[in-house]
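Here's the letter readout for the chains.
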Amino acid sequence: MASDALSLEGIDAYYGDSHVLQGVSFRLGEGHLLGLLGRNGAGKTTSMSVIVGLLPPRRGRVSVFGKPLQGLPPEMIAATGIALVPQGRRVFRNLTVRENLIVAARPAPKGAPTSWSVEAVFQAFPRLGERHKQSAGVLSGGEQQMLAIGRALMSNPKVLLMDEPSEGLAPQIVAEVMRTIRRLKEQGLSIVLVEQNANLVVDLADDVVILNSGRVAVDKTAAALKSEGIDLHQHLGVF
Amino acid sequence: MNLWVILAINSVALGGLLFLLSAGFSLIFGLMRIPNLAHGSFFMLGAYLGVTFLRIGTNFWLAAILSGLGIALLGGIIERLFLRRLQGQELAQVLVTLGLSFMFADISLMIWGGDPIPLSAPSALQGAMQVGSIVFPSYRLAIVLVAAVIAAVLWIMIDRTRLGAMIRAGVDDAQMARVVGIRVSRLSSLIFCLGAGLAGFGGVMGGPIFSAYPGLDGDMLPLALIVVILGGTGSLVGTLVGSFVVAFLYNYGQALFPELAYVILFLPMLVVLLIRPQGLFGRLPT
Ligand SMILES: Nc1ncnc2c1ncn2[C@@H]1O[C@H](COP(=O)(O)OP(=O)(O)OP(=O)(O)O)[C@@H](O)[C@H]1O
Ligand SMILES: [Mg+2]
């Protein structure tokens, strides 16, 4: 369907012999935010790796705006407009803050509503601007998270994947990250937000997918989820 | 003129040549983790290519540049054909590059024969320049100048450009670099070509001093190894300092204790390996 920003259909992915994703399918509508939930080891990060091309699936297909990504290497998939804020941030530690941004820069497609540049990122995250000459390795966890988000935005993506951006951060920084995500959604970006903490997602998301042992256990709109009062604990374990 | 001064001048010139040789070795090993034992061959083949270009009447500098380009191309072919498939398998890479270096030795013996072939320096630089009571051989001075320019260009390229930042990003986290859209494997090829080309260029630059001869490859490789181990892999400053340290050790060692020349050369390397394995200027992997 043309209005899907991203779709996974019947993905089977393996690490060696271990069958980590088993027939995973879900869709992200254009301009929507999809909350992807699941407990430790459910396969959330693996799904991200499949989408960005780091782990080619054995079966199934991933499409962006209807265009299949089959067989493309990560650097070509990046060019189709997908960006990842990876779990653990993975900033380039020996590069300066500014260098982390410029290596990922890609011009915005024609007619895009927003256009990100180093200056725009520094405006959104003033802390980064203040520290632009420092090595990313010496930043605090919160600053590295901002940098990882800024780096992803520098490619002017159409689809943004965020893998547990709140992990290991202090509550007020988590709140700032969440405000940023809300703002990006309001600008029309299509977003997959991976979280273990369901409470952070349910208010922000249009749709929610819950993975359990490599399978989709729940796929509902956030509204339906709230009105039905599904027992999230059953799928996510106790927090 | 005083022996010490002559030795010092020769050492500075040798240091410049060693930098041209080792910068590429250090880039290739520091950034791509490939222990390229064919690096001495690149230097020797560069010198022989220079011989051929000079024989057909090419100008010296053009010959040096063309030889550098030729060796860069050869390096690119080797990287694509062999080393790319052996990514991360250092022992296999050692064996492949060592094997290639033996093959290159045979092939050059066949093409250029077994006698040393001197390369003549550009005629404008064959004399000497006198400053006060000290006489500088012009060509050796030129070597130092060229090495300094190349060091500066390399430093700017790696440390001050977007291309350099992309290369360093690939070294930091190759997977993540690909995910943000950097063509890491293309940059690796570029680095390998650049490193090989510098060695080839250095071979021609060294030609008027060493000549081109069978065994030049084996004479140069250990020197590059020592330079890079002393200075630290992947560190340009380290390579620069290491080149001059090794050049002085080499010349003075040979003049003062000729029978211990190799001890004087390799002992500092062993000490550095034991005390500071990352080299004097190297960084430990983070
Ligand atoms: N590189 C790898 N090699 C082998 N197995 C892996 C690898 N990475 C993950 N796994 C396994 O695959 C399964 C799914 O892991 P994944 O990282 O996708 O989980 P996750 O949902 O992201 O968990 P978390 O919330 O802890 O990040 C787990 O059982 C994990 O142990
Ligand atoms: Mg994960």
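Residues numbered from 1 in each chain as written. Chains lettered and ligands numbered in written order. Predicted model: local features only at pLDDT ≥ 70, side-chain atom pairs only at ≥ 80, totals over all residues. Heavy atoms only, no water.

Trainee: Just checking my understanding: could you explain the overall build of chain B for this structure?
Mentor: Scanning chain B from N- to C-terminus turns up 11 helices and two strands. Mapped from its N terminus to its C terminus, chain B presents α and β elements in the order α-α-α-α-β-β-α-α-α-α-α-α-α. Burial statistics for chain B: of 286 residues in total, 50% are counted as buried. Taking the intrachain contacts of chain B between residues at least 6 apart in sequence as the baseline, contacts between residues at least 24 apart amount to 77%. Accessible surface for chain B amounts to roughly 13,000 Å². Of this, 70% is attributable to carbon and sulfur atoms. (Helix = DSSP H or I, 4+ residues; strand = E, 2+ residues; numbered from the N terminus. Buried < 20%, exposed > 50% of the residue type's maximum accessible area, 1.4 Å probe, protein only. Contact = heavy atoms within 4.5 Å. Areas by Shrake-Rupley, 256 points an atom, 1.4 Å probe, with all protein chains shown as cover.)

Trainee: I tried to follow the coordination of the magnesium ion (ligand 2) on my own but got confused; where do I start?
Mentor: Tetrahedral coordination by four donors sets the ideal angle at the metal to 109.5 degrees; octahedral coordination by six donors sets it to 90 or 180 degrees. With distances of 1.9 to 2.1 Å, the protein atoms coordinating the magnesium ion (ligand 2) are Thr45 of chain A (OG1) and Gln87 of chain A (OE1). With Thr45 of chain A in helix H1 (residues 44–52) and Gln87 of chain A in the loop between strand E6 (82–85) and helix H3 (97–102), this residue pair connects regions lying 42 residues apart in the sequence. (Donors = N, O, S within 2.8 Å, 3.2 Å for Na, K, Ca; no water.)

Trainee: Teacher, can you tell me more about the confidence of the model for chain B here?
Mentor: When pLDDT drops low, the exact placement of atoms in the prediction is not to be read closely. All names here are of chain B. Per-residue confidence for chain B averages 92 on the pLDDT scale, and 98% of its residues sit at or above 70. Per-element confidence in chain B is highest for helix H2 (residues 39–55), whose mean pLDDT is 98, and lowest for strand E1 (residues 128–131), whose mean pLDDT is 80. Across the interfaces of the predicted complex, the ipTM metric reaches 0.93, alongside a pTM of 0.89. (pLDDT = per-residue confidence, 0-100.)

Trainee: Can you help me understand the interface of chain A and chain B in this one?
Mentor: One frequent convention defines the size of an interface as the accessible area lost when the parts assemble. Listed as interface residues are 21 residues of chain A and, on the opposing side, 19 residues of chain B. Summed over both sides, the interface between chain A and chain B buries roughly 1,900 Å², with carbon and sulfur atoms accounting for 56% of that surface. At the junction of chain A with chain B, the criterion picks out three salt bridges. The residue Glu75 of chain A makes a salt bridge to Arg178 of chain B at a minimum N-O spacing of 2.8 Å. At the surface where chain A touches chain B, the tally comes to eight residue pairs in polar contact (both at pLDDT 80 or more). Elements supplying a minimum of two residues to the side of chain A that touches chain B: helix H2 (74–79) and H3 of chain A. (Buried area = accessible area lost by both parts, 1.4 Å probe. Salt bridge = Lys/Arg side-chain N within 4 Å of Asp/Glu carboxyl O. Polar contact = N/O pair within 3.5 Å; in protein donor to acceptor, adjacent residues only side chain to side chain.)

Trainee: I'm lost on the sheet that holds strand E4 (residues 59–64) of chain A in this one. Help?
Mentor: Residues and elements named next belong to chain A. Spatial ordering of the open sheet is given by E2-E1-E4-E5, a layout of four strands whose pairing is antiparallel. Looking at strand neighbours, the two that pair on one side only are strand E2 (18–29) and strand E5 (67–68), the edges of this open sheet. In this sheet, E4 lies alongside strand E1 (residues 4–15) in antiparallel orientation, the contact comprising five bridges. Residue pairing in the sheet places Asp12 in a bridge with Arg59 of E4. Docked against the sheet, H1 engages E1, E2 and E4, running at close to 110° with respect to E1. (Pairing = 2+ DSSP bridges. Axes fitted to C-alpha atoms, helices over the stretch in contact; angles between N-to-C directions.)

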